[in-house]
Each structure stands twice: as C-alpha cells, then as structure tokens.
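Chain by chain, the residues run as shown.
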Amino acid sequence: MQNTAKFLADISSSDADARFAAWRGAGSMPPSVIPDLGKFLVSPNPGVAKAAGEALTTMTHAVGKDASDPRRRAVVQGLLGLTSQPLAFRLLSLIADESDVPAIAKHLADSKAREEAVFCLERIPGAAPVQAIVSAYPSAPDDFKPRLLAALGHRRAPQGVPLCIEAMKSSNAEIAAAGAGALGRIGARPASPVAWPAAAFDAQLRYAEHRPDEALGIYRALLARPEEHIQCAALAGLGHLASPQAAAIIHPHLKSPVRNVRLTARQAWQSIAAPPSAVTK
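1. Quick notes on the pattern of salt bridges
With the rule as written, the count across this model stands at 17 salt bridges. Here Lys6 and Asp10 are joined by a salt bridge, their closest N and O atoms 2.7 Å apart. Highlighted residues: Lys6 and Asp10, both in helix H1 (residues 4-11), separated by four residues, approximately one helical turn. On the basis of relative accessibility, which here comes to 49%, the residue Lys6 falls in the partly exposed class.

Following this line, the structure appears as structure tokens:
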C-alpha cells in the first residue's frame, strides 16, 4: 500500500529533491490524495505549489493512458473538486467524459472560471460538450460570446451554425467577426444565404475551402476587392479547385497590372495545367 502520508510530506517539503521525487512518482498514488494536493496548489511556497501541480498532472497522465483504469473516475471526481484552480480544468480536458459535462458547464456562468471551463469543454469528445456551449450562448454576456463561438468553430460543430448566423448580424463588431470566423471553421451550409460581415475575408476563404460547391462565387467576389493579398488568396483557392470554371475566373488575372496578383494567377493557372486556348472565355 502506498505511503500517502510520506508522499504528501515530501510534496510539501522544503527539500526540492524530495518534492521532485514525490511528484515524479505520483502516478502510483491513490486519488484520495487529490484534495490535499489541491490545498498545496495555493501554498505561498512556489516550490510546493509547483510540486502539487506537477503531481496532479502526473496522476492525470497515468490514468489517461488507459480509459479502463479503475482510478480514472476517482481522479476525475477529485479534479472536479478543485475547479477553483485553472489547472483542474486543464487536466479535466484530458480525461473527463460526457457524464462530467454538467459539472463543468456550470462554470461557464462564472466570470472567473469561464475561460478555463470552455477550454475544457471544447476538448471533451461527444455531443454533450457542444450542446452545453450552445445552451450557454444566449444568456452569455457579450464579452464572452466570441469565445463560445470560437469553441464551436474549433469543434467544427454544425449545431453552432444558427448561432454563427445570428452573431454575424450583430451590431457588435467583435461578435459578428467571431460568428463569421466560427462559420468559416465549421464549413456547414446554413439554411439561408450568408451575409458576411465587412472584412470577414479570412472566414470566407476558410469557408470556401470546406464548400467547393459554393467556392466559385466566394472567390469571384473576393477578386473584386481592391486588396492585393485578398485577390492573391482567392486565386490560390481557385487553383486548388482545379476546374475549368476556376480556370476561366483565373485567366483575366494573368494580365493583372499588380505584379503579385499576376504571379499568383500564373501559379494557380499552372496548378490547373490548362492552356489558355482550352479555357472558355
């Protein structure tokens, strides 16, 4: 049986070597030590606080290697008891499952914990974390809505598309941009045509990569923009489509007066490998 008293004494020791040896061996310790490690996390001694954090991390990684490890659920429960500390959410993101979502999601309403909570939720597999983020959005303060939208974008969650469309109509420029960015990452087609916010060019380009069936129209519109880098990005996207229709849109830009646009058009054209005579003008 592990000597938990010695382990905890070593973690809180003034001897740096003893602390190091203890946290390195923490993977074999029972989850019952987690509450005490949580107390050490807020120790005024930075060496003790670090040792406690490293011990919790070691324990999490030890049970994270095997989903059937009998200690895993107890470690999760122990960490759920430490959610006043950001580290707990980081570690829960590695080993929590859908059954733990309600206990984590309640922190989305806490201004001090919400960033860590959404970080955790967006990394837990399954539908429940996505639904928790979606459900939190309507009542979230405006300064947190962009972060929730970003999480839905990172998850590429189609359930978030209606929220993205709603956000893109917002008079709050940050929310509108976040909605566009998330929709671009998700790449799912909305039920109605999209009105992209001004300057949401990167989001449109990302969306076009996911939606080749809509990409021609997006790239054509972006090529009408005066910004050189936007034109170049649209031409590169057309080159990846590698279709006769894409080649037809690229062709006029082979004679662009802007050098970088002209060179990018040439590269896109060559990637399609179609001679000018084969393109219908």
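Let's pick the thread back up.
2. Considering the environment of Tyr137
Along the polypeptide, Tyr137 turns up in the loop between helix H9 (127-136) and helix H10 (145-155). On the basis of relative accessible area, Tyr137 is assigned to the buried category, the value being 2%. When the C-alpha atoms of Tyr137 and Gln77 are compared, they prove to be 26 Å apart, with 60 residues separating the residues in sequence. In contact with Tyr137, other than residues within four places in its own chain, are Lys145, Leu148, Leu149, Leu163, Glu166, Ala167 and Ile175.

3. Quick notes on the confidence of the model for the protein chain
Here the protein chain averages 94 in pLDDT, and 96% of its residues register 70 or above. Across residues 275-281, confidence stays below pLDDT 50; counting only partners more than four residues off in sequence or on other chains, it has eight contacts.

4. Quick notes on helix H13 (residues 201-210)
What H13 keeps buried is the set Phe201, Ala203, Gln204, Leu205, Tyr207 and Ala208. Elements in contact with the buried residues of H13: helix H12 (173-186), helix H14 (212-223) and helix H15 (228-241).

5. Notes on unusual backbone geometry
The phi dihedral of Arg156 falls on the positive side, at around 50°, and the residue is not glycine. Inspection of the secondary structure puts Arg156 in the loop between H10 and helix H11 (161-168). Among the residues examined, Arg156 registers a relative accessible area of 45% and is labelled partly exposed. A positive phi angle is found at Ala199, which is not glycine, with a value near 75°. Mapping Ala199 onto the fold places it in the loop between H12 and H13.

6. Notes on the nonpolar core
Inside soluble globular proteins, nonpolar side chains tend to come together where they are buried. Judged by nonpolar contacts, the single largest core of 90 residues is most densely connected at Phe7 and Leu37. Those residues in contact with Leu37 that lie beyond four places of it in its chain are Phe7, Leu8, Ile11, Ala52, Ala55, Leu56 and Met59.

7. Concerning the packing of aromatic side chains
Aromatic ring pairs: the centre-centre distance and the angle between the two ring planes describe each pair. For the structure shown, the criterion picks out two aromatic pairs. Centroid distance Phe20 to Trp23: 5.3 Å. Interplanar angle 75°. Geometry classified as edge-to-face. Linking Phe20 with Trp23, this pair stays in helix H2 (residues 16-24), spanning three residues, or about one helical turn. Overall, Trp23 belongs to the buried group, its relative accessible area being 14%. Ring centres of Trp196 and Tyr207 lie 5.5 Å apart, and the angle between their planes is 65°; this geometry places the pair in the edge-to-face category. Taken together, the residues span a long stretch of sequence, with Trp196 in the loop between H12 and H13 and Tyr207 in helix H13 at a distance of eleven residues.

The rules behind each value
Residues numbered from 1 in each chain as written. Predicted model: local features only at pLDDT ≥ 70, side-chain atom pairs only at ≥ 80, totals over all residues. Heavy atoms only, no water. Salt bridge = Lys/Arg side-chain N within 4 Å of Asp/Glu carboxyl O. Helix = DSSP H or I, 4+ residues; strand = E, 2+ residues; numbered from the N terminus. Buried < 20%, exposed > 50% of the residue type's maximum accessible area, 1.4 Å probe, protein only. Contact = heavy atoms within 4.5 Å. pLDDT = per-residue confidence, 0-100. Core = buried A, V, L, I, M, F, W, Y, C linked by side-chain atoms within 4.5 Å. Phe/Tyr/Trp six-rings, centres within 6.5 Å; stacked < 30°, edge-to-face > 60°.

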